[in-house]
Amino acid sequence: MKILKTSLAILIIVLSNNLLQAQWFLQSTGTTETIYSIFPVNANTVFAFGSGGVALRTTDGGSNWVTTNIGVTNDLLGSYFLNSNTGWVVGVGGVLFKTTDGGASWVQKNTGTTSILYRVEFVNENVGWLCGVSGIIKKTTDGGENWTSQSAITGEITVLGFVNETIGWTAGQSGRIAKTTDGGASWINQNQSYSSWLIDRSFLNENVGWMCGREQAIIKTVDGGATWNPLFSSGPYQFNSVCFVNENIGWVLTSHRYYMKTINGGYNWHIDSLENVGRMVRFVDENTGWMTGYEGAIYKTTNGGISSTADNLIEDQFFIYPNPAAYVINLTIDDPSLTDLTLNIYSLTGRILKSELLEQNQKQIDIGDLRKGIYLIELKSKERTKTQKLIIQ
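Residues numbered from 1 in each chain as written. Predicted model: local features only at pLDDT ≥ 70, side-chain atom pairs only at ≥ 80, totals over all residues. Heavy atoms only, no water.

Pulling in residues and values, what's your account of the overall build of the protein?
Within the protein one finds 2 helices and 35 strands. Partitioning the intrachain contacts of the protein with sequence separation of at least 6 by distance along the chain shows that 45% fall at a separation of at least 24. Surface summary for the protein: the accessible area is close to 16900 Å², and the carbon and sulfur share equals 46%. (Helix = DSSP H or I, 4+ residues; strand = E, 2+ residues; numbered from the N terminus. Contact = heavy atoms within 4.5 Å. Areas by Shrake-Rupley, 256 points an atom, 1.4 Å probe, with all protein chains shown as cover.)

So, the environment of Val 41: which residues are in play, and what are the values?
Its place among the elements puts Val 41 in the loop between strand E2 (35–40) and strand E3 (46–50). For the pair Val 41 and Asn 83, spaced 42 residues apart in the sequence, the C-alpha separation amounts to 6.1 Å.

If you had to explain unusual backbone geometry to someone new, which residues and values would you point to?
Despite not being glycine, Ser 174 shows a phi value in the positive range, around 60°. One non-glycine residue, Gln 216, lies in the positive phi region at around 60°.

I'd like a rundown of the sheet that holds strand E12 (residues 137–140), residues and numbers included.
By definition, the strands of a sheet pair up through backbone hydrogen bonds, in either a parallel or an antiparallel sense. Here 4 strands make up an open sheet; going across it, the order is E10-E11-E12-E13 and the pairing antiparallel. Of all the strands in the sheet, the pair left with one neighbour each is strand E10 (117–122) and strand E13 (148–149). The pairing of E12 with E13 spans 2 bridges and is classified as antiparallel. Along E13, the bridge assignment pairs Lys 138 with Ser 149. (Pairing = 2+ DSSP bridges.)

Go over the nonpolar core, please, and point to the residues and values.
One finds Phe 49, Ile 70, Val 89, Phe 97, Trp 106, Val 120 and Leu 130 to be the most contacted residues of the largest nonpolar core, which totals 22 residues. Discounting chain neighbours no more than four positions away, the residues touching Ile 70 are Gly 53, Ala 55, Leu 76, Val 89, Phe 97 and Trp 106. The next biggest cluster of nonpolar side chains, apart from the first, holds 16 residues, and it includes Ile 320, Ile 345, Ile 365 and Leu 390. (Core = buried A, V, L, I, M, F, W, Y, C linked by side-chain atoms within 4.5 Å. Buried < 20%, exposed > 50% of the residue type's maximum accessible area, 1.4 Å probe, protein only.)

I'd like a description of the environment of Leu 353, backed by residues and values.
Along the chain, Leu 353 falls in strand E32 (residues 352–357). In this structure Leu 353 touches Ile 345, Tyr 346, Ser 347, Leu 370 and Tyr 375, once residues within four positions along its chain are discounted.

Report on the packing of aromatic side chains, specifying residues and quantitative values.
Tallied over the entire structure, the rule returns 16 aromatic pairs. On the basis of an interplanar angle of 65° and a centroid distance of 5.0 Å, the ring pair of Phe 39 and Tyr 80 is categorised as edge-to-face. Here Phe 39 is found in strand E2, whereas its partner Tyr 80 is found in strand E6 (residues 76–81), with 41 residues between them in sequence. Residue Phe 39 shares its accessibility class with Tyr 80, and that shared class is buried. Aromatic side chains Phe 81 and Trp 106 sit 6.1 Å apart centroid to centroid with 90° between the ring planes, which places their arrangement in the edge-to-face category. Here Trp 106 lies in the loop between strand E8 (96–99) and strand E9 (107–109) and Phe 81 lies in strand E6, a separation of 25 residues in the sequence. In terms of burial, Phe 81 and Trp 106 fall into one category: buried. Joined through ring pairs, the aromatic side chains of Phe 39, Phe 47, Phe 49, Tyr 80, Phe 81 and Trp 106 make up one cluster. (Phe/Tyr/Trp six-rings, centres within 6.5 Å; stacked < 30°, edge-to-face > 60°.)

Can you break down the sheet that holds strand E25 (residues 270–273) residue by residue, with the values?
Taken together, 4 strands build an open sheet; the order of strands is E22-E23-E24-E25 and the sheet is antiparallel. Of all strands in the sheet, those bounded by a partner on one side alone are strand E22 (239–244) and E25. The average undirected angle you get between the axes of adjacent strands in this sheet is 20°. (Axes fitted to C-alpha atoms, helices over the stretch in contact; angles between N-to-C directions.)

Right under this line is the structure:
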């Protein structure tokens, strides 16, 4: 038993200290303002916005950032670009600016409000939406010249996500989520178990998406929002940003220093930290991405944020989910050649509480006999072993 506890302790230390060897590089932005929003159009052309009206752009992947005088000192909170030329940015005071020349110049548009606007999103050069405090959500069909109010959810709306002209979501205060299938003419509330304030979203298509927010909220849907499943236990951290590039690979950024990466759709996460990050994470592919934060911080990675050594360590052949769990856990086995599979569950003191020899096609394990708490779960095959924390709630 002493050997087992020592082995588990060593494993935790290795995972904490060596699994993620961060490959992020701080870029020189020439500002100390908070960078609230970043929008990479591609690996070279990127736009960033922040407090005090700061507006930055680069055409060489961030080797050089150019500051543009946008004309206000309002905090700029959300941005969206259709291509390297055309984009919009919103912020405090109901401000909205549009560029059609790649950010060289900006023209202010009338939104009909002086309230805080958090997000703006377009699906083409004409059709777009913006959202903000007091349930504000507005739609334009002429590129931002005129805006029409819509009614979705009450409270502050901090999440906006559209996959085409008809299907989209809003979310925000108290975990409220609403979906439209008619371009915002009507909105349907979607029930979900989280009451945490939702802050950001990442949608791959009309079925698969994630949202994140306060109290470590990360929720996922695979059925267009009919159900939202929690992927992380509640806790003290606020997750400010989430970004997925496909159904497996994604990142989440906390409000201060910490970020996490998953390679299996959010069922397992690996954590690391960087100084002054905490506002937004965005990637253009599996390798190239940026994270923003405080004191003008913009970090860039070109290898997914993990060293090649760490990638080999976390290339999982089997997954255990959900985590946290309640009555059952599910198994996904990517390699059918794995043999003699055994599942063991230990207390944190190393005492074995459950051990099962898995049948070939077994996909679920009953954990209803275990009390709420934190455990260590071990999945072993003849070829390899995986150990991770399991939360039962």
